[in-house]
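# Survey of secondary and tertiary structure
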Amino acid sequence: NAGVMQNPRHLVRRRGQEARLRCSPMKGHSHVYWYRQLPEEGLKFMVYLQKENIIDESGMPKERFSAEFPKEGPSILRIQQVVRGDSAAYFCASSPPLTDTQYFGPGTRLTVL
Amino acid sequence: ILNVEQSPQSLHVQEGDSTNFTCSFPSSNFYALHWYRWETAKSPEALFVMTLNGDEKKKGRISATLNTKEGYSYLYIKGSQPEDSATYLCAFNRASYDKVIFGPGTSLSVIP
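The residue count restarts for each chain, going from 1 along the sequence in the order it is written. Both sets of labels track the order of writing: A upward for chains, 1 upward for ligands. Owing to the predicted nature of the model, reporting of local features is limited to residues with pLDDT of at least 70; listing and counting of side-chain atom pairs is limited to 80 or more, with chain, interface and lining totals taken over all residues. Neither water nor hydrogens contribute to the side-chain values; these are computed over all heavy atoms in the structure.

## Description of the overall build of chain B
Where helices and strands are cited, they refer to DSSP runs of H or I of at least four residues and of E of at least two residues respectively, numbered from the N terminus. On a plain count of helices and strands, chain B comes out with zero helices and 11 strands. As defined in this context, the radius of gyration uses C-alpha atoms, and a globule is described by 2.2 Å times the residue total to the power 0.38. For 112 residues, the compact-globule estimate of 2.2 N^0.38 gives 13 Å, and the C-alpha radius of gyration of chain B, at 13 Å, lies within 12% of that figure. Considering only C-alpha atoms, chain B reaches an extent of 40 × 30 × 20 Å along its principal axes. Buried, partly exposed and exposed residues are distinguished by accessible area as a fraction of the type maximum, computed with a 1.4 Å probe on protein chains only: under 20%, between the cut-offs, and over 50%, respectively. By the burial criterion, 46% of the 112 residues in chain B qualify as buried. Nonlocal contacts in chain B, meaning residues at least 24 apart in sequence, comprise 54% of its contacts between residues at least 6 apart. Here chain B displays about 5500 Å² of accessible surface, and carbon together with sulfur accounts for 47% of that area. Charged residues are defined narrowly, with Lys and Arg counted positive, Asp and Glu counted negative, and His plus the chain ends left uncounted. To locate a charge, take atom NZ for lysine, CZ for arginine, CG for aspartate or CD for glutamate. Positive and negative charge centroids in chain B, built from 10 and 11 side chains respectively, lie 5 Å apart. Only heavy atoms matter for contacts: two residues are in contact if any of them lie within 4.5 Å across the pair. Areas reported as accessible are Shrake-Rupley estimates using a 1.4 Å probe. Residue values count occlusion only from the protein chains shown.

This is the structure:
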């Protein structure tokens, strides 16, 4: 059973471009979480999704950020019109039904030039 | 605002020393407390999840206790080894399927 997969592992974008980060949860896991780690800071909750549903997006910036977890395919975190302050490591985690233990992916490191 | 605090922020211990650190969380509306271990250049890895007041969990040389009434958990490492060097994160959630809030972590360095 493969672990949580994230791609790309590293992403470089220029200011104003779009960034798309993908997360494939572990097989059988129905919940996906996205976190952001800014330099010298801990993990900050962004959004919590089930298939085709956003459960909690209270940690998402109000503009430019969106997330989805479609019925088929990976979860996508989308950042439009990136700015330098978006540079961070973005971690995805998944959990199986009836448990809150999260299994983390390796992260995507986004650099905005 | 839900806040999870951890102390100390960092510590350095000699190989063979035992050590412990603290996680504080809101004591109202408690559901579960989690400990994760995060090695540099890797992903956070789950150590324990605890749900009941007075819970104690143990994995090898690492153990954890939980006090939900006063809102704290301790993580203990007995006889620290260099491979224990990592950041230890605690996290809590208020209900099943509620978002998990992470603390800032305690960074442990074990000096050979």
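Following the structure, the description resumes.
## Overview of the side chain of B:Arg37
Residue and element names in this part refer to chain B. The residue Arg37 is located in strand E4 (residues 32–38) in this model. In terms of polar contacts, Arg37 uses its side chain to reach the side chain of Glu39, at 3.1 Å. In terms of polar contacts, Arg37 uses its side chain to reach the backbone carbonyl oxygen of Glu83, at 2.3 Å. Not counting chain neighbours up to four residues away, the residues in contact with Arg37 comprise Ser43, Pro44, Glu45, Leu47, Glu83, Asp84, Ser85, Ala86, Thr87 and Tyr88. Any pair of N or O atoms that falls within 3.5 Å is considered a polar contact. Within protein, one atom must be able to donate a hydrogen and the other to accept it, and sequence-neighbouring residues count only if both atoms are side-chain atoms.

## Description of the sheet that holds strand E3 (residues 19–24) of chain A
Residue and element names in this part refer to chain A. Pairing in this open sheet of four strands is antiparallel, and the strands run E1-E3-E8-E7 from one edge to the other. Looking at which strands have only one partner, the edges of the open sheet turn out to be strand E1 (5–7) and strand E7 (65–68). Direction aside, neighbouring strands of the sheet carry axes that sit 15 degrees apart on average. A strand pair is defined by DSSP finding two or more bridges across the two strands. Pairing of E1 with E3 involves three bridges; the strand directions are antiparallel. Lines fitted to the C-alpha atoms define the axes, with helices restricted to the stretch that makes contact. Angles between their N-to-C directions range from 0 to 180 degrees.

## Observations regarding the state of the cysteines
Cysteine sulfur pairs qualify as disulfides if the two atoms are within 2.5 Å. A complete count under the given rule lists two disulfides over all chains for this structure. Across the disulfide, A:Cys23 is cross-linked to A:Cys92 (sulfur-sulfur distance 1.7 Å). Of this pair, A:Cys23 sits in strand E3 while A:Cys92 is found in strand E9 (residues 88–95), placing the two residues 69 residues apart along the sequence. For the pair formed by A:Cys23 and A:Cys92, the shared burial category is buried. One disulfide in the model links B:Cys23 with B:Cys90; its S-S distance is 1.8 Å. Torsion about the S-S bond of the B:Cys23 and B:Cys90 cystine: about 65 degrees, corresponding to right-handed handedness. You can see B:Cys23 sitting in strand E3 (residues 19–24) and its partner B:Cys90 sitting in strand E9 (residues 86–93), a full 67 residues away along the chain.

## Looking at the side chain of B:Asn93
Relative to the elements of secondary structure, B:Asn93 occurs in strand E9. A distance of 3.1 Å separates polar atoms of two side chains, one belonging to B:Asn93 and the other to B:His34.

## Quick word on the pattern of salt bridges
Any carboxyl oxygen of Asp or Glu that lies within 4 Å of a side-chain nitrogen of Lys or Arg is treated as forming a salt bridge with it. Scanning the model with the defined rule gives eight salt bridges over all chains in all. The shortest N-O distance in the salt bridge between A:Asp86 and A:Arg64 comes to 2.7 Å. Separated by 22 residues along the polypeptide, A:Asp86 in the loop between strand E8 (75–79) and E9 and A:Arg64 in the loop between strand E6 (53–56) and E7 bring together distant segments of the chain. Across the pair B:Arg37 and B:Glu39 runs a salt bridge, and its minimum N-O distance is 3.1 Å. Residue class for B:Arg37 comes out buried when judged on its relative accessible area of 15%. In the salt-bridge network here, residues are joined through shared partners; they are A:Glu18, A:Arg20 and A:Arg78.

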